[in-house]
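Read off the chains here:
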Amino acid sequence: MKTRLFPFLFLLIAINSCSKNDDSNNEDQHEDDTIVNDEQAPTIEANGFLDVIETFTEVSVEIEDESSVSTKILHNGIELVTSAEKQFNVTINPYEIEIGATEFVITSVDEFGNETSRTFSVEIKHLLSIYDVTEGRTVLNNSKWVFVNSGDGQQLAVKQLALGVNKIYTDEIVEEEEAIFTEVIYDDGSSSSDFDDKQLTLHTTRRPLGILKPGFNTSNITEPRYEIEVKLNGVPFENSSSGYDAKGYNYGITEVSGDDQQTTLSIKHESDSPILIRTNALASRNPFFDGKKENYKYTVISPKANETELQIEANELVGAEDNIQLTLPETDQGVISFYRKGYIKTQDFENNEYFDVYNVSNFDKTKQLDYIDLPVLPMFEYYVNEVNYRKNGLVYYSKGSDDNLDINMPNWQASVNETDLGYEIIANNPEVDLYALYFEKIESEGNKFNVKSWYIETFEEGEDYMSFPKLEIPEEIKEQMTDNFFKTFSNFELTAISAMDYEAYDSYFEIINKNVSFDYFPYTDVEKYRMLLFPLVSEEGKSMLQRFPWERYSSFKNH
């Protein structure tokens, strides 16, 4: 049985009792064993009262006595709960208790008046979150901070993150079970001798209190150990650009060169691992790759560790035997991109062991792509596709497998209302899981180029979470910045609203926990993701997000 104590918000009671059938059977077996007198006081066992309670903590209570009992739990002399059960669990919420030393008292009285009490002394802290910062996320000249606010905008904590495990605490009482977390990365540009570029990036989400935000796992990410020169004979090197590309989870091109007779690709790789070499859609050649099967060529190599050079003839680069013809929707001309990755087996999704198979982009505003041919290669069991295009001033991004990619832009509507206190998104789209606001400001003068962006991802479809308070950057963070341009929220420009649908996830926190773990597109072969961007600035002033919406977490992914 579970009981919630509404008068006392800082204690959540969960009582697990034995079944009534067991009690009934027990009474039948012992109906003649009536206890005439019991002089023994109950004994109390409690597990979970730690020296320090800093987040939601479960305490198990067990009472032993021959007769029935009534047990109370008190805090500072106030009765919190009374139970007739001999076993129950209590979840203590420390966030509504003042920090510091305090006591909990458990008192149990049996039906004959025998009484026992036990006192548990604990220290109360308010742990807001734990950040695990790994070495792979530290970059020279960057400062990374987190500041935390309550739902109404009250500042709770500010902390500059260091390498390792960082615990963020507040002395304030927190009445909600969640808070607003903003991550801040400030690059002061001191690594560049030629430019004075500075960049400020903020990312805001709602998250439950006291949870660990995992760091990026770099243990399975290693630099490829070997390098090989692949000479493509009969493939001219035109306009200082290679007509072929090779990129995957453990290989990539480091340098390209050549002449009018051949192209040379320098590729870093792992021994005996396959390397897919295929048509490069971004090559500076005329005509550009149009995505059609007759213009796509590839080959697969698996070089040994001791191989340093490999010759491939032009006729060894062949087209895919099987293709899927994909009809493209009508779009604004010159603004569509398509990417296709291949996976050899199912578990490769979890390890992100992908092969870049195909990409095509149309930047020519005089042409419209009507269809493309998606290559199906023998080595891959699964594919993940990404499409991004502009239509009627909106930007659409979708990701999915061959079976569930939704290439057609949804008919969602959204707008934003700004007040003196905050922002409210006006929308009613049942398919949408969450909304976000994107703020940006850019200034440049000579060699000076300053960019600041703030991505606020706290809005959930429904009445409760469609508004957000205006926040200010804390003074502790402003002191680290040398340019006043970065020190205020007031000169940010609201540039876009985004609406997102994750088919495989049902709740905001399920989605956001994936995002804040740096798994922005958690993926299996059955998932689907859609995002529709509503620009709030003109074409000429369009933001980085509108041009490259899939890169909106790039600053956090790379630090």
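Only a predicted model underlies this, so the values are computations on that prediction, with no experimental measurement involved.

Thresholds, definitions, all that
Residues numbered from 1 in each chain as written. Predicted model: local features only at pLDDT ≥ 70, side-chain atom pairs only at ≥ 80, totals over all residues. Heavy atoms only, no water. Helix = DSSP H or I, 4+ residues; strand = E, 2+ residues; numbered from the N terminus. Buried < 20%, exposed > 50% of the residue type's maximum accessible area, 1.4 Å probe, protein only. Contact = heavy atoms within 4.5 Å. Polar contact = N/O pair within 3.5 Å; in protein donor to acceptor, adjacent residues only side chain to side chain. Pairing = 2+ DSSP bridges. Phe/Tyr/Trp six-rings, centres within 6.5 Å; stacked < 30°, edge-to-face > 60°. Axes fitted to C-alpha atoms, helices over the stretch in contact; angles between N-to-C directions. pLDDT = per-residue confidence, 0-100. Core = buried A, V, L, I, M, F, W, Y, C linked by side-chain atoms within 4.5 Å.

## Examining the environment of I336
(1) Moving on: Among the structural elements, I336 can be located in strand β27 (residues 336-343).
(2) Moving on: Taking relative accessible area as the criterion, I336 reaches 7% and is therefore assigned buried.
(3) Moving on: The sequence separation of I336 and Y397 amounts to 61 residues, and the corresponding C-alpha distance is 9.9 Å.

## Let's talk about the environment of T71
(1) Moving on: With respect to the element layout, T71 can be found in strand β6 (residues 69-75).
(2) Moving on: Look at T71 and you get buried, because its relative accessible area is 1%.
(3) Moving on: Put simply, T71 and E115 are 44 residues apart on the chain and 9.5 Å apart in space, counted from C-alpha to C-alpha.
(4) Moving on: With sequence-adjacent residues up to four places away left out, T71 is seen in contact with I63, V81, T82, S83, F88, I106, T107 and S108.
(5) Moving on: Of the polar contacts made by the side chain of T71, one reaches the side chain of S108; its length is 3.0 Å.

## Examining the pairing of strand β31 (residues 394-400)
(1) Moving on: Within β31, 6 of the 7 residues are buried, leaving the element largely enclosed by the surrounding structure.
(2) Moving on: In this antiparallel pair of consecutive strands, strand β30 (residues 382-391) and β31, the connection spans 2 residues, and N392 shows a positive phi of 55°.
(3) Moving on: Note that β31 and strand β38 (residues 528-535) share 6 bridges and pair antiparallel. If you follow G400 over to β38, its bridge partner there is K528.

## Digging into the side chain of S129
(1) Moving on: Along the polypeptide, S129 turns up in strand β11 (residues 127-133).
(2) Moving on: Residue S129 is classed as buried on the basis of its relative accessible area of 0%.
(3) Moving on: Within the local environment of S129, its side chain forms a polar contact with the side chain of R207, the two groups lying 2.7 Å apart.
(4) Moving on: When sequence neighbours within four positions are dropped, the list of residues in contact with S129 reads N166, K167, I168, F181, R207, G210 and I211.

## Some words on the packing of aromatic side chains
(1) Moving on: Following the criterion strictly, the structure yields 24 aromatic pairs and no others.
(2) Moving on: Taken together, a centroid distance of 5.9 Å and an interplanar angle of 45° make the contact between Y251 and F355 tilted. Of the two residues, Y251 sits in strand β21 (residues 251-258) while F355 sits in strand β28 (residues 355-362), which places them 104 residues apart along the sequence. F355 shares its class with Y251; the two are buried.
(3) Moving on: Between F485 and F486, the ring centres sit 5.0 Å apart and the planes meet at 80°, which makes this aromatic pair edge-to-face.

## Comments concerning the sheet that holds strand β33 (residues 422-427)
(1) Moving on: Spatially, 3 strands are ordered β32-β33-β36 in an open sheet, and the strand pairing comes out antiparallel. Pairing within the sheet leaves two strands with one partner each, and these edge strands are β32 (414-418) and β36 (467-469). Put simply, the sheet's adjacent strands are angled 20° from each other on average, direction ignored.

## Considering the pairing of strand β23 (residues 275-279)
(1) Moving on: Of all 5 residues making up β23, 5 are buried, and the element is well covered by its neighbours.
(2) Moving on: When strand β19 (residues 244-245) meets β23, the two strands line up antiparallel, connected through 2 bridges. Pairing of Y244 across the sheet is with T279, part of β23.
(3) Moving on: Strand direction decides the pairing type here: β23 and strand β24 (residues 298-301), joined by 4 bridges, are antiparallel. Residue pairing for β24: L276 is matched across the bridge by V300.

## A short note on the confidence of the model for the protein chain
(1) Moving on: Across the protein chain, the average pLDDT comes to 83, with 82% of residues at 70 or higher.
(2) Moving on: The secondary structure element of the protein chain with the lowest average pLDDT is helix α6 (residues 554-557), at 36, and the one with the highest is β24, at 97.
(3) Moving on: This stretch, residues 137-141, has a pLDDT under 50; its non-local contacts, to residues over four places away or in other chains, come to 16 contacts.
(4) Moving on: Here residues 541-559 scores under 50 on pLDDT; set against residues more than four positions off or in separate chains, the count is 60 contacts.

## Digging into the nonpolar core
(1) Moving on: Ranked by size, the top nonpolar core spans 71 residues in total, and within it V230, I267, I277, F338, Y358, L377 and W454 carry the most contacts.
(2) Moving on: It is β28 that contributes the most residues to this core, 4 residues altogether.
(3) Moving on: Apart from the residues lying within four places of it in its own chain, the contact partners of L377 are L276, Y296, Y298, A320, V357 and Y383.
(4) Moving on: Among the nonpolar cores identified, the runner-up in size contains 20 residues, and V59, V61, I73 and I124 belong to it.

## Quick look at unusual backbone geometry
(1) Moving on: Even without being a glycine, S240 presents a positive backbone phi close to 55°.
(2) Moving on: You can see S240 is positioned in the loop between β18 (226-233) and β19.
(3) Moving on: Of note in the backbone geometry, N392 takes a positive phi value of approximately 55° without being a glycine.
(4) Moving on: Turning to its location among the elements, N392 is positioned in the loop between β30 and β31.
(5) Moving on: With relative accessibility at 66%, the residue N392 sits in the exposed group.

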